[in-house]
Amino acid sequence: MGKKHTKTYGKDPQLLQTGRKSKRITPGVRNLLLFALVLLAAAEVLLRMGLIPEQGALAADIVSMVLVLLAAAGAVRSWN
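Since we're looking at a predicted model, the values are computed, not measured.

On to the overall build of the chain. Regarding its fold elements, the chain presents three helices and zero strands. Reading the chain from its N end, one meets helices and strands in the order α-α-α. A total of 80 residues make up the chain; the buried ones form 11% of that total. When contacts within the chain are restricted to residue pairs at least 6 apart in sequence, long-range pairs at least 24 apart make up 56% of them. When the accessible surface of the chain is totalled, it reaches about 7,000 Å², and 65% of it is carbon and sulfur.

It is worth spelling out a nonpolar patch on the surface at this point. Together, Val-45, Leu-46, Met-49 and Leu-51 give the surface a local cluster of nonpolar side chains, amounting to about 390 Å² of exposed area. Along the chain, Leu-51 turns up in the loop between α2 (27-49) and α3 (54-79).

Within the secondary structure, Ala-75 sits in helix α3. For the pair Ala-75 and Thr-26, spaced 49 residues apart in sequence, the C-alpha to C-alpha distance is 7.2 Å.

This brings us to α2. Relative to the 33 Å expected for 23 residues at 1.5 Å per residue, α2 spans 33 Å between its end C-alpha atoms, a close match to the ideal helical length. Turning to α2, its buried residues number three or more, namely Val-29, Ala-36 and Ala-43. Count one or two residues on from α2 and you reach Gly-50, which has phi positive near 80°.

We now examine the side chain of Ser-64. Positionally, Ser-64 belongs in helix α3. Looking at Ser-64, its side chain comes within polar contact range of the main-chain oxygen of Asp-61, at 2.7 Å.

Next up on the list: the pattern of salt bridges. Enumeration over the complete set of coordinates arrives at one salt bridge. Residues Glu-44 and Arg-48 are paired through a salt bridge, measuring 2.6 Å at the closest nitrogen-oxygen approach. You can see Glu-44 and its partner Arg-48 sitting in helix α2, four residues apart, about one turn around the helix. Here Glu-44 falls in the partly exposed class, since its relative accessible area comes to 33%. With relative accessibility at 70%, the residue Arg-48 sits in the exposed group.

The rules behind each value
Residues numbered from 1 in each chain as written. Predicted model: local features only at pLDDT ≥ 70, side-chain atom pairs only at ≥ 80, totals over all residues. Heavy atoms only, no water. Helix = DSSP H or I, 4+ residues; strand = E, 2+ residues; numbered from the N terminus. Buried < 20%, exposed > 50% of the residue type's maximum accessible area, 1.4 Å probe, protein only. Contact = heavy atoms within 4.5 Å. Areas by Shrake-Rupley, 256 points an atom, 1.4 Å probe, with all protein chains shown as cover. Patch = residues over 30% accessible without salt bridge, like charges linked within 9 Å, V, L, I, M, F, W, Y side chains within 5 Å. Salt bridge = Lys/Arg side-chain N within 4 Å of Asp/Glu carboxyl O. Expected span 1.5 Å × (residues − 1). Polar contact = N/O pair within 3.5 Å; in protein donor to acceptor, adjacent residues only side chain to side chain.

By themselves, these figures tell us nothing about what the structure is for.
Structure representation (structure tokens):
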């Protein structure tokens, strides 16, 4: 019985090793999480410098939390 040779050129090495697709984060989800983090940090800095009122920082915090939840939902949807 001879060895069975398969052609692996152009294949994903991780897919070949594990036999299934990995659950990596998509670029869109990663960018959404990064934007939410930057928005949260900017709101905190502006609040501490006194450039925006506390209500403005709270609104930005709520928007960033909604973005994080959307990113989490998008990540779960892309894994299924």
